[in-house]
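Structural overview for review
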Amino acid sequence: RENMNVSAPIDLTGLWWIRWTHGEPIPMYSKLHVEELVSFAGVESNVTEPPYYPLQLRNPNRLSRHWGYSNTLVGRVAMAIDSDPEPSDFRMLFDFSNRTHATLSHSGPLAEWYFDNIDSDQWLRTIDRLNSEKWFYTLQRIIFEDGSPHPVYFPDFVKHMEGTKLGVYTTDNHCMRMCGSRPFGSCMLCEQQCST
C-alpha cells in the first residue's frame with residue numbers, strides 16, 4: 001500500500017493474473033501467453049476521504065514493471081505494440097460508482113469495459129462489445145502485498161505458464177522497450193543501439 005495513493009477500501013495490492021476463465025473469445029490468446037500480469041503499483045485516487053464514491057483510480061499500467069507479457073514471439077509482438085513512446089502519459093482510468101463496480105473511462109466507441117469485484121482476490125473484467133458478444137476475463141491475485149504466493153491461484157498460474165518465461169518492461173525508455181521486445185533483442189545490443 002506504500003506505493004498506492006488510495007484511501008478508499010479497494011485492495012488492489014500484489015500481482016494480478018489476467019486469466020481467461022469464461023471462454024477465450026480471441027482464439028489461443030491465453031495459450032499463446034499474450035498478456036499475463038498486471039500490477040496496480042502507483043495507482044492514484046482523486047478522492048482522499050469519505051464519502052469515497054464516486055471516485056476515479058488512475059493506474060500507470062504501461063510503466064516499467066506494471067504489465068507482464070511472455071517471452072514468446074506473440075508476447076513480444078504485444079510488447080512492441082504496447083511500447084508507447086510516452087508510457088508515463090498512459091493511465092488506465094477506473095471510474096468507481098461504489099466499492100465493487102467500476103467502468104473504464106477510455107473504453108472507446110465500440111466497447112464498454114467493466115470491473116466488478118468477485119471476492120478479495122478476484123475481479124471480473126467485462127468487455128461489452130456493442131452490437132456483439134461480451135468478453136470476460138478474471139484478474140486473480142497470485143502474489144500478495146507481502147510477496148507471498150496465493151495458495152490456489154499462484155500454483156494455477158505456474159501450471160498455466162508451462163515453463164514459458166515472463167516478459168516485463170524494466171525501463172520506460174521507448175528505444176530500449178522497442179529493441180528489447182524484438183527477438184534476440186539482448187540488453188547489451190539494445191544499450192548499444194539506444195545510446196547513439
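Here the structure is a predicted model, which is why all the values come from computation and not from measurement.

**Structural notes on the packing of aromatic side chains**
Each aromatic ring pair is described using two quantities: the centre-to-centre distance and the angle formed by the ring planes. Throughout the structure, instances matching the rule amount to 12 aromatic pairs. Where phenylalanine 96 meets phenylalanine 115, the ring centres are 6.3 Å apart and the plane angle is 85°; that geometry is what we call edge-to-face. Of this pair, phenylalanine 96 sits in strand S6 (residues 92-98) while phenylalanine 115 sits in strand S8 (residues 111-119), placing them 19 residues apart in sequence. As far as the burial class goes, phenylalanine 96 and phenylalanine 115 line up, both buried.

**Some points on the pattern of salt bridges**
What the rule picks out here adds up to 7 salt bridges. A salt bridge links arginine 141 to aspartate 11; its shortest N-O distance comes to 3.4 Å. Pair noted here: arginine 141 is in strand S10 (residues 134-143) and aspartate 11 is in the segment before strand S1 (15-19), with a separation of 130 residues, a long-range link. The class of arginine 141 is buried, set by a relative accessible area of 2%. Given a relative accessible area of 28%, aspartate 11 falls into the partly exposed group. Among the salt bridges present, the one from arginine 58 reaches glutamate 44, with a minimum N-O distance of 3.7 Å. Highlighted residues: arginine 58 in strand S4 (residues 55-59) and glutamate 44 in strand S3 (residues 44-45), separated in sequence by 14 residues.

**Considerations on the side chain of glutamine 56**
Position of glutamine 56 among the secondary structure elements: in strand S4. Separated by 2.7 Å, the side chains of glutamine 56 and aspartate 95 make a polar contact. Ignoring any residue separated from it by four or fewer positions in sequence, one finds glutamine 56 in contact with Glu44, Ser45, Asn46, Leu93, Phe94, Asp95 and Ser105.

**Some details on the confidence of the model for the chain**
The pLDDT averaged across the chain works out to 88; a share of 93% of its residues lies at or above 70. Ranking the elements of the chain by mean pLDDT puts helix H3 (residues 174-181) last, at 82, and helix H2 (residues 153-161) first, at 97.

**Some points on the sheet that holds S10**
Across the sheet, 11 strands lie side by side as S3-S4-S6-S7-S8-S9-S10-S1-S2-S5-S11; this open sheet has antiparallel pairing. This sheet does not close on itself; its edge strands, each paired only once, are S3 and strand S11 (166-168). Inspection of the sheet shows S3 paired to S4 by 2 bridges, in the antiparallel sense. Bridging across to S4, glutamate 44 finds its partner in arginine 58. Contacting strand S2 (35-39), strand S5 (67-70) and S11, helix H1 (residues 73-82) crosses the sheet at an angle of about 145° to S5.

**Focus on the nonpolar core**
With 33 residues, the main nonpolar core has Leu12, Phe40, Phe94, Phe96, Phe115 and Leu139 as its most contacted residues. Ignoring sequence-local partners within four residues, the contact set of phenylalanine 94 consists of Phe40, Leu55, Gln56, Leu57, Asn59, Ala102, Thr103, Leu104 and Phe115. Counting residues in hydrophobic clusters, the runner-up holds 7 residues, among them Trp17, Leu37, Ile142 and Met161.

Cut-off values and rules
Residues numbered from 1 in each chain as written. Predicted model: local features only at pLDDT ≥ 70, side-chain atom pairs only at ≥ 80, totals over all residues. Heavy atoms only, no water. Phe/Tyr/Trp six-rings, centres within 6.5 Å; stacked < 30°, edge-to-face > 60°. Helix = DSSP H or I, 4+ residues; strand = E, 2+ residues; numbered from the N terminus. Buried < 20%, exposed > 50% of the residue type's maximum accessible area, 1.4 Å probe, protein only. Salt bridge = Lys/Arg side-chain N within 4 Å of Asp/Glu carboxyl O. Polar contact = N/O pair within 3.5 Å; in protein donor to acceptor, adjacent residues only side chain to side chain. Contact = heavy atoms within 4.5 Å. pLDDT = per-residue confidence, 0-100. Pairing = 2+ DSSP bridges. Axes fitted to C-alpha atoms, helices over the stretch in contact; angles between N-to-C directions. Core = buried A, V, L, I, M, F, W, Y, C linked by side-chain atoms within 4.5 Å.

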